[in-house]
Amino acid sequence: MIIINVKEGESLDKALKRFKKKFEKTGVLRELRSRQAFEKKSITRRHEIKHAIYKQGMNIETV
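Everything numeric here is computed off the predicted structure, so don't read it as measured data.

1. Overview of the environment of Phe38
Mapping Phe38 onto the fold places it in the loop between α2 (28-36) and α3 (41-62). For Phe38, a relative accessible area of 76% puts it in the exposed group. With 22 residues separating them in the primary sequence, Phe38 and Leu16 have C-alpha atoms 32 Å apart.

As structure tokens, then:
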């Protein structure tokens, strides 16, 4: 359960932004979407490899 304490003088917009950031870090929504449709382990692994190759390519370009 995520708890956000609203500080004195803090607007609700800033508190909501902090809540959204904490919620996204927990990964609940990402896991919920992944559970909606079953994905075979081989396909999951293939996706991870493609993502790693992409990230590696991005790293080479910036260096």
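Once the structure has been displayed, the description carries forward.
2. Considering a positive patch on the surface
Among the surface-exposed residues, Lys14, Lys17, Lys21 and Lys25 lie close enough to one another that they form a single positively charged patch. Secondary-structure assignment places Lys21 in helix α1 (residues 12-26). A relative accessible area of 53% places Lys21 in the exposed class.

3. Comments concerning the layout of surface pockets
A volume near 180 Å³ is recorded for the largest pocket. For the largest pocket, the full set of lining residues is Ser34, Arg35, Ala37, Phe38, Glu39 and Thr44. Split into classes, the residues belonging to the lining of the largest pocket amount to two nonpolar, two polar and two charged.

4. Description of the confidence of the model for the chain
Taken over all residues, the pLDDT of the chain has a mean of 91, while the share at 70 or more is 97%. When pLDDT is averaged over each element of the chain, α1 comes out on top at 93 and α2 at the bottom at 90.

5. Re the packing of aromatic side chains
Per the stated rule, a full pass over the model turns up one aromatic pair. Each ring, one from Phe19 and one from Phe23, has its centre 6.1 Å from the other, and the planes form 20°; the classification is stacked. A residue pair is termed a helical-turn pair when its members lie 3 or 4 positions apart in one helix, as Phe19 and Phe23 do in helix α1 at four residues. On the basis of relative accessibility, which here comes to 34%, the residue Phe19 falls in the partly exposed class. Taking the relative accessible area as the measure of exposure, Phe23 reaches 31% and is therefore partly exposed.

About the thresholds
- Residues numbered from 1 in each chain as written.
- Predicted model: local features only at pLDDT ≥ 70, side-chain atom pairs only at ≥ 80, totals over all residues.
- Heavy atoms only, no water.
- Helix = DSSP H or I, 4+ residues; strand = E, 2+ residues; numbered from the N terminus.
- Buried < 20%, exposed > 50% of the residue type's maximum accessible area, 1.4 Å probe, protein only.
- Patch = residues over 30% accessible without salt bridge, like charges linked within 9 Å, V, L, I, M, F, W, Y side chains within 5 Å.
- Areas by Shrake-Rupley, 256 points an atom, 1.4 Å probe, with all protein chains shown as cover.
- Salt bridge = Lys/Arg side-chain N within 4 Å of Asp/Glu carboxyl O.
- Lys, Arg positive; Asp, Glu negative; His and termini not counted.
- Charge placed at Lys NZ, Arg CZ, Asp CG, Glu CD.
- 1 Å grid on protein atoms, 1.4 Å probe; cavity = no way out; pocket = protein on both sides within 12 Å on 5 of 7 lines; lining within 4 Å.
- Points joined across faces, edges and corners; volume = space filled by probe spheres on them.
- Nonpolar A, V, L, I, M, F, W, Y, C, P; charged D, E, K, R; others polar.
- pLDDT = per-residue confidence, 0-100.
- Phe/Tyr/Trp six-rings, centres within 6.5 Å; stacked < 30°, edge-to-face > 60°.

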